[in-house]
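These are the residues of each chain, in order.
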Amino acid sequence: MGRRGFFTVLSVFVLLSNSVPAFSSSVSDLQSECLSVPSAIFSSTIQSTISEIQSVLSLISKFAGPFGGGRLSSALNDCAELLDFSADELTWSLAASKFPNKKVNGTGIGKERSDLKAWLSAALGNQETCLDGFDGTDGIVKQLVAGSLSAVTSSVGQVLKMVRDIPGASFFPGGGRKLLQRDGFPDWMSAGERKLLQAPVGGVKADVTVALDGTGNFTTVSEAVKAAPDNSSRRFVIYIKKGVYKENVEIKKKKWNLMMIGDGTGVTVISGNRNFIDGWTTFRSATFAVSGRGFIARDMTFENTAGPEKHQAVALRSDSDLSVIYRCGIHGYQDTLYAHSLRQFYRECHITGTVDFIFGNGAVVFQNCLIQARKPLPNQKNSITAQGRKEPEQNTGFAFQFCNISAYSDLLASQNATSTYLGRPWKLYSRTVFMQSYMSSVIRPEGWLEWAGDFALDSLYYAEFMNYGPGAGLGGRVKWPGYHLLNNTAQARNFTVEMFIDGNLWLPATGVKFTAGLAV
């Protein structure tokens, strides 16, 4: 796996090197309005960073043979895949800088600054995830890999800092654009496909059907994914009939624009039990993992049944840019939903868990979701979120709007005096906002929990706006420098679908319901 990852990135580097001369030299010498440096400097820095990735993958490939199994092998495989992601995201960024505000090979939304911020933020975080996977393994290997990864992380950080923050864009209080009222259709989706999320199951023409009883094209979801075309600009629809599918599904990066439709939440279920205690890295523990861009899921459930005693056990992990999860259940205990990277939207989902059960470093909006804390292990504290923003330049964070934050039945029925909090800072610039949401009495008056002492309390960004319910009282909230009580709509608007993930430019074409701004 390590060697295969190395050659994958090497081929990307060669392709990139060969393609650069095809770009207009007059364009490459100019400075994009989104960049603080000439485009030529931006491009050369990206290419040198991909060379550094190549060197790290060469090192990883040397370790892949001696460590043929167990958690260490899994960590090395994770690193190969994550560095492969970084190479792709850097390649897309280079193309976006050469053709400002245009799509290249169907990637992104065609808005240069937003695309660059999204892709480079993801590329910066991948190395951190690679290192996290070495927890509980041979420290010597981790040290050797970490030393090499630091150069990659530093270089990606430099590239991200070259992308200028534009006044009036989504991260500046009080700024913004007018709401777009028209529908937009991305290159990867035809006008006719936008109704797929709202049509009844019987009215959807699926490309393939999965059924446990043999009445479909396949009996496993993994087989259907394998049959989907690579790098497809056309939506490929997989209908999954009712049943519990006990398998671990991975949708790799080349599987673009897949859509999965089930028979309903709790009716079509993909179930697994991989977990950290049994030797899996958190990244690889996911029952369902997707990295191919433009993924959509509707009316199904993803679950990890390992239980609280197995600690980290992911039900759903997503690295899919411009992805939508609609009317789905996502159930587990610790680390249920790993919104790892890139732009994601969740609507009318039911998400349950205990410790840090919505975590990662994507740019994510949750709307109209039911989010419920479960009964944890004795003496554990529940934390709904653990957002992993590492640098202030990253576009990432979690925004919850019109959601219901409450307790699951097992927690309600228990006599355990579990403390449940809205979130805690996993990384230095952790960013999470709850707005216009109901909070039951399950939420502690303090609202938020420390990670370790005073770590990140100055640098995090946690905020609340117009929430209600017995757990939404503000009188007892934490007094951290990084905690904010938003008192005007201009501040809160920065975390809406329109502003935070540029949803008006890509969500209308999916057919999913969404509210662009603050109004219901």
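Residues numbered from 1 in each chain as written. Predicted model: local features only at pLDDT ≥ 70, side-chain atom pairs only at ≥ 80, totals over all residues. Heavy atoms only, no water.

- With an unreviewed UniProt entry as reference, the protein is termed Pectinesterase, source organism Aristolochia fimbriata.
- Per UniProt, the comment on the protein under Subcellular location (unreviewed entry) is "Secreted, Cell wall". (UniProt positions renumbered as here; feature names shortened; annotations may be inferred.)

## Points about the overall build of the protein
- When helices and strands are tallied, the protein shows 10 helices and 26 strands.
- Residue burial in the protein is summarised as follows: out of 520 residues, 60% are buried.
- Sequence separation of at least 24 residues holds for 73% of the intrachain contacts in the protein that already meet a minimum separation of 6.
- As displayed, the protein has an accessible area near 19,000 Å², and 54% of this comes from carbon and sulfur atoms. (Helix = DSSP H or I, 4+ residues; strand = E, 2+ residues; numbered from the N terminus. Buried < 20%, exposed > 50% of the residue type's maximum accessible area, 1.4 Å probe, protein only. Contact = heavy atoms within 4.5 Å. Areas by Shrake-Rupley, 256 points an atom, 1.4 Å probe, with all protein chains shown as cover.)

## Some points on the packing of helix H5 (residues 112-132) against helix H6 (residues 139-161)
- In contact at an axis separation of 9 Å, H5 and H6 are set at 165° when each is read in the N-to-C sense. Considering their axes alone, H5 and H6 lie roughly antiparallel with respect to each other. Read as a crossing pair, H5 and H6 show a hand that is left-handed. Contacts between H5 and H6 pair Lys117, Leu120, Ser121, Ala123, Leu124, Gln127, Cys130 and Leu131 from the former with Lys142, Val145, Ala146, Leu149, Val152, Thr153, Val156, Gly157, Val159 and Leu160 from the latter.
- Class assignment of the residues belonging to the contact of H5 with H6 gives a composition of 12 nonpolar, 4 polar and 2 charged. (Axes fitted to C-alpha atoms, helices over the stretch in contact; angles between N-to-C directions. Parallel < 35°, antiparallel > 145°, perpendicular 65-115°, else oblique. Left-handed = near helix turned anticlockwise from the far one by under 90°. Nonpolar A, V, L, I, M, F, W, Y, C, P; charged D, E, K, R; others polar.)

## As for the packing of aromatic side chains
- Counted by the stated rule, this structure contains 16 aromatic pairs.
- Seen in terms of ring centroids, Phe366 and Phe398 are 6.1 Å apart; in terms of plane orientation they differ by 90°. Their pairing is edge-to-face. Of this pair, Phe366 sits in strand E17 (residues 363-367) while Phe398 sits in strand E20 (residues 397-401), placing them 32 residues apart in sequence. Comparing Phe366 with Phe398, the two get one shared label, buried.
- An aromatic cluster is defined as three or more aromatic residues linked by ring pairs; in this entry it consists of Tyr346, Phe366, Phe398, Phe400, Phe434, Trp448, Tyr462, Trp480 and Tyr483.
- Above the ring of Phe276, the side-chain terminus of Arg71 is found at 4.0 Å from the ring centroid.
- The ring centre of Phe283 lies 3.6 Å from the NZ or CZ of Arg317, which sits over that ring. (Phe/Tyr/Trp six-rings, centres within 6.5 Å; stacked < 30°, edge-to-face > 60°. Lys NZ or Arg CZ within 6 Å of the ring centre and 35° of its normal.)

## What to know about helix H4 (residues 70-98)
- The end-to-end C-alpha distance of H4, which contains 29 residues, comes to 43 Å, matching closely the 42 Å that a straight helix rising 1.5 Å per residue would cover.
- Counting buried positions along H4 gives 25 out of 29 residues, so the element sits mostly inside the fold. (Expected span 1.5 Å × (residues − 1).)

## Details of empty space enclosed by the protein
- This model, assessed by the stated rule, comprises 5 cavities of 30 Å³ or more.
- Roughly 120 Å³ of internal volume is contained in the largest cavity.
- In terms of lining residues, the largest cavity is bounded by 15 residues, among which Gly125, Glu128, Thr129, Asn361 and Gly388 are the most central.
- Per-element tally for the lining of the largest cavity: the top contributor is H5, with 7 residues. (1 Å grid on protein atoms, 1.4 Å probe; cavity = no way out; pocket = protein on both sides within 12 Å on 5 of 7 lines; lining within 4 Å. Points joined across faces, edges and corners; volume = space filled by probe spheres on them.)

## Considering the sheet that holds strand E15 (residues 350-353)
- In spatial order, the strands read E3-E6-E9-E12-E15-E18-E21-E24; together these 8 strands make up an open sheet with parallel pairing. With partners counted over all chains shown, the strands left at the sheet margins are strand E3 (243-246) and strand E24 (438-439), one partner each.
- Judged from the 4 bridges that link them, strand E18 (residues 370-373) and strand E21 (residues 404-407) form a sheet pairing that is parallel. Considered in E21, the bridge of Ala373 is made with Ala407. (Pairing = 2+ DSSP bridges.)

## A short note on the UniProt feature "active site" (unreviewed entry) in the protein
- UniProt annotation of "active site" (unreviewed entry) refers to Asp356 when read in the numbering used here.
- Following the sequence through the fold, Asp356 ends up in strand E16 (residues 355-360).
- Not counting residues within four places of it along the chain, the set of residues in contact with Asp356 comprises Asp335, Ser383, Ile384, Thr385, Ala386, Arg424 and Trp451.

## Topic: the sheet that holds strand E4 (residues 249-251)
- Judged by pairing direction, the sheet is parallel, and its 7 strands sit side by side in the order E4-E7-E10-E13-E16-E19-E22 without closing on themselves. Bordering the open sheet on either side are E4 and strand E22 (420-423), each of which pairs with just one other strand. Averaged over neighbouring strand pairs, the angle between their axes works out to 10° when direction is ignored.
- The pairing of E4 with strand E7 (residues 288-290) spans 3 bridges and is classified as parallel.

## Brief notes about a nonpolar patch on the surface
- A grouping of Leu428, Trp451 and Phe455 is seen on the molecular surface, where their side chains present a nonpolar patch of about 230 Å² in accessible area.
- Within the secondary structure, Trp451 is located in the loop between E24 and strand E25 (461-465). (Patch = residues over 30% accessible without salt bridge, like charges linked within 9 Å, V, L, I, M, F, W, Y side chains within 5 Å. Salt bridge = Lys/Arg side-chain N within 4 Å of Asp/Glu carboxyl O.)

## Observations regarding H6
- In this model, H6 (23 residues) spans 31 Å end to end at C-alpha, consistent with the 33 Å of a helix rising 1.5 Å per residue.
- The sharpest bend along H6 comes to roughly 25°, located at Leu149.
- Considered for burial, the residues of H6 that qualify are Val141, Val145, Leu149, Val152, Thr153, Ser155, Val156, Gly157, Val159 and Leu160. (Bend = angle between axes of the 7 residues up to and from the residue.)

## Thoughts on the pattern of salt bridges
- Going through the model one piece at a time under the given rule, you end up with 29 salt bridges.
- Across the pair Asp84 and Lys253 runs a salt bridge whose closest N-O atoms are separated by 3.0 Å. Separated by 169 residues along the polypeptide, Asp84 in helix H4 and Lys253 in the loop between E4 and strand E5 (258-262) bring together distant segments of the chain. With respect to class, Asp84 is no different from Lys253; both count as buried.
- Arg284 serves as the salt-bridge partner of Glu250, at 3.0 Å between the closest nitrogen and oxygen. Linking Glu250 in strand E4 with Arg284 in the loop between strand E6 (268-272) and E7, this pair joins segments that are 34 residues apart in sequence.
- Note on Glu250: relative accessible area 29%, which makes it partly exposed.
- Judged by its relative accessible area of 9%, Arg284 falls in the buried class.
- The structure contains a network of salt bridges with shared partners spanning Asp78, Glu81, Glu250, Lys252 and Arg284.

## What to know about the pairing of strand E11 (residues 323-326)
- Along E11, one buried face is formed by Ser323 and Ile325 and the opposite face, lined by Val324 and Tyr326, is buried too.
- Alignment of strand E8 (residues 296-298) against E11, held across 3 bridges, turns out to be parallel. When the sheet's bridge partners are listed, Ala297 is paired in E11 with Ile325.
- In the sheet, E11 pairs with strand E14 (residues 343-347) via 4 bridges, with the strands oriented parallel. Bridged to Ser323 within E14 is Gln344.

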